[in-house]
Amino acid sequence: MSAAIETEGLTKDFLVGFWRRRPHRAVDALTLSVEPGEVFGFLGPNGAGKSTTLKLLMQLIYPTSGTATILGKPVGDVGVKKRIGFLAENPYYYDYLTAEEVLSYFARLFGYSGADVTSRVSRVLEDVGIPHYRKTKLRALSKGNLQRVGLAQALINDPELIFLDEPMSGLDPIGRSQVRDLILNLRQRGCTVFFSSHILSDAESLCSRVGIMAQGRLVASGRVSDMIAFELKGWELVVAGLSDEISQRLQSRVRAITPLKHGRFMLDLAPDAQPEQLIAELRGAGADLVSLNPVRETLEDYFVKQVAAAEPRKS
Amino acid sequence: MRTIWLIAGAVFKESVRDRVPYAMVVFAVLLIAASYLIGQLTAGQDMKTIKDIGLAALSIFGLFIAVFIGIGLVSKEVEKKSVFGLLSKPLSRTQFILGKYTGLVMTLAVNLGVMTIAYYGILFYMNLTASAGARSVWPSPAMDPRLLIAIGLIFAELMLVTALALFFSTFSSPLLSTLLTIGLWVAGHFNADLRNFENVVSSPVAIAIARGLYYVVPNLSPFDVKAEIVYGMPISMRTLAFTLLYAAVYITLLLSAAVAIFRRRDFK
């Protein structure tokens, strides 16, 4: 079975400057493979090359060098376009058309007609949570609801592979939660989802794998669990009834002691602090254990580290 | 073909709800005001003047619609990035351009149709209210069906101008596209003068440039038969057919060039 998305040395240079045009490398030799059924998070700070990569995959721009295939066919293949969905960043459609008209128009471009169009439009409007805006002209919709129309048009053909550029952009917390559920539903249906984002908590909860872009290069890629699970950063131990004397004694064995409400204290321990032994000692001294939590590296920590490493050194 | 029609239908729907109705209203108000004023001021010449003004207004408002909507639709689509969503659907960039053009021509046809009805309405009113004496000095009847030939040629000219606007908007900014299209429309009406430039200047360079421009700039003067129609003069059917053929060839060339440019374009 071929990969859902495959790129090999994909590179894009843009000419910048007015008088002296010089190339600026937006995407640098991107080699990537996304398997069918995966939810792949394409992460990176602003200007990292995420949207440029998506545009290359949609053939909205042409590569300077390298190749890309989607569902085993070269990008831009009209047959492949029938099997994919795409949501652009900050989508804009047609101000004077209603949500229903825009979605019907797109459905017909896929070759659907008659009752099929009507039922597809109803279903996708329901899926994105705006069935009541069916007859509303797009110019009257809020940014968040326009984003939902954008999502709806990307789903109109039941795609096998869907590309979402910043799908949570402009959505309120309820909208974000709906989009998360939508992506999970797509995953359950076996749809491959490729989405770019800089909201890392979304990627952490949704993605089977992520790729991190910085300065146009793919600086890391793999399973979220492989990237962050095993690196323990320390322990957070919360206790009650800690006397001043014990606090003094602990100073050399903990990184910090922070007083909390209701006579509790949070002890920040190093990864090798052996908390079980410390808990036994504290109990012996009359303190009560409230909670103990391992502090692991988050995707955000990992992301910041990777992006910082890719930054050009300032001298 | 179905895809082209679908795109054309969306363009038509969007344009009709957008600015076109305003142009129609402005045209109708202008025409009514002009006919009333001129009816007061002229004696005997009122029908010729109204026909002239009506056809000129039809041509000018049609030009505005062709240029502003023609340029606005493609460049707005690119500027606001709605082209991203559309081009990710199963259609080619060629179908996109041809669909946009067909939609614009449909919009133009409806707009021109409504203006023609308003125009004939006023002529009908003038005919009804004029005395038998006044009617006897008119060079052609008020409701002259030959006016439709002039309007048909205006439509063909506007189709060409729309193709020109669409062509420029595939690679330049909306402002520059507007200036270039209107500039070429003006130059196109004086194109015949370029052919005889050697009668006015002696510089071989200037003559060569003028001759080059003559072949590149669209020749729009044959599309203007207002005077012949209004004054009841004959029109050669051969010239008419050749003019329409010229429009068809020029439009085909412009659309081919627009497609070639649009297919290579990066949408940042």
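Keep in mind the model is a prediction, meaning the values are calculated, not measured. (Residues numbered from 1 in each chain as written. Chains lettered and ligands numbered in written order. Predicted model: local features only at pLDDT ≥ 70, side-chain atom pairs only at ≥ 80, totals over all residues.)

(A) Inspection of the packing of helix 3 (residues 99–109) of chain A against helix 5 (residues 143–155) of chain A at higher detail. Residue and element names in this part refer to chain A. The N-to-C vectors of helix 3 and helix 5 enclose an angle of 25°; their axes lie 9 Å apart at closest approach. Classified by the interaxial angle, the pair formed by helix 3 and helix 5 is roughly parallel. The two elements helix 3 and helix 5 meet at a crossing, and its hand is right-handed. Each of Ala99, Val102, Leu103 and Phe106 in helix 3 lies in contact with helix 5, whose residues at this interface are Val149, Ala152 and Gln153. (Axes fitted to C-alpha atoms, helices over the stretch in contact; angles between N-to-C directions. Helix = DSSP H or I, 4+ residues; strand = E, 2+ residues; numbered from the N terminus. Parallel < 35°, antiparallel > 145°, perpendicular 65-115°, else oblique. Left-handed = near helix turned anticlockwise from the far one by under 90°. Contact = placed C-beta atoms within 7 Å.)

(B) Seen up close, the sheet that holds strand 7 (residues 161–165) of chain A. Residues and elements named next belong to chain A. Read across the open sheet, the six strands follow the order 6-7-8-3-9-10; overall the sheet is mixed. In this open sheet, the two strands that pair with only one neighbour each are strand 6 (84–87) and strand 10 (217–223). Strand-to-strand, the axes of this sheet are offset by a mean angle of 15°, without reference to chain direction. (Pairing = 2+ DSSP bridges.)

(C) Local environment of the domain arrangement of chain A. What the domain assignment lists for chain A is domain 1 (5–225) and domain 2 (232–296). On a C-alpha basis, the centres of domain 1 of chain A and domain 2 of chain A stand 47 Å from each other. (Domains from an automatic or database assignment.)

(D) Focus on the sheet that holds strand 2 (residues 22–34) of chain A. Residue and element names in this part refer to chain A. Within the open sheet, the four strands sit side by side as 2-1-4-5. Their pairing is antiparallel. Of all strands in the sheet, those bounded by a partner on one side alone are strand 2 and strand 5 (73–74). Inspection of the sheet shows strand 1 (residues 5–16) paired to strand 4 (residues 65–70) by five bridges, in the antiparallel sense. By the bridge assignment, threonine 11 is partnered in strand 4 with serine 65. Across the sheet, helix 1 (residues 50–57) lies against strand 1, strand 2 and strand 4, angled at about 70° from strand 2, the strand it touches most.

(E) Seen up close, helix 5 of chain A. For helix 5 of chain A, spanning 13 residues, the distance from its first C-alpha to its last is 19 Å, which sits close to the expected 18 Å at 1.5 Å a residue. Here helix 5 of chain A lies mainly inside the structure; 11 of its 13 residues are buried. Those residues of helix 5 of chain A that sit buried are Asn145, Leu146, Gln147, Arg148, Val149, Gly150, Leu151, Ala152, Gln153, Ala154 and Leu155 of chain A. Its buried side turned inward, helix 5 of chain A meets strand 6, helix 3, helix 4 (115–127), strand 7 and helix 6 (173–188) of chain A together with helix 4 (82–87) of chain B. (Expected span 1.5 Å × (residues − 1). Buried ≥ 20, exposed ≤ 12 C-beta atoms within 10 Å, placed from the backbone.)

(F) Geometry of the interface of chain A and chain B. Every contact between the two is made by 22 residues of chain A and, on the other side, 21 residues of chain B. Put simply, the parts of the chain that give the side of chain A that touches chain B at least two residues each are helix 2 (78–81) and helix 3 of chain A. Looking at the side of chain A that touches chain B, the element that brings in the most residues is helix 3 of chain A, giving four residues. Of the residues belonging to the side of chain A that touches chain B, the class tally is 17 nonpolar, one polar and four charged. (Nonpolar A, V, L, I, M, F, W, Y, C, P; charged D, E, K, R; others polar.)

(G) The environment of glycine 47 of chain A, seen in detail. Residue and element names in this part refer to chain A. Tracing the chain through its elements places glycine 47 in the loop between strand 3 (39–43) and helix 1. Its 13 C-beta neighbours within 10 Å are what place glycine 47 among the partly exposed residues. The spatial distance from the C-alpha of glycine 47 to the C-alpha of cysteine 207 is 22 Å, given a sequence separation of 160 residues.

(H) Examining the pairing of strand 8 (residues 192–197) of chain A more closely. Residues and elements named next belong to chain A. With respect to burial, strand 8 is a largely interior element, six of its six residues being buried. Both faces of strand 8 are covered, namely the face carrying Thr192, Phe194 and Ser196 and the face carrying Val193, Phe195 and Ser197. In terms of strand pairing, strand 3 meets strand 8 through five bridges, oriented parallel. Each bridged residue has a counterpart across the sheet, and for valine 39 the counterpart in strand 8 is valine 193. Relative to strand 8, strand 7 is paired through five bridges, and the arrangement is parallel.

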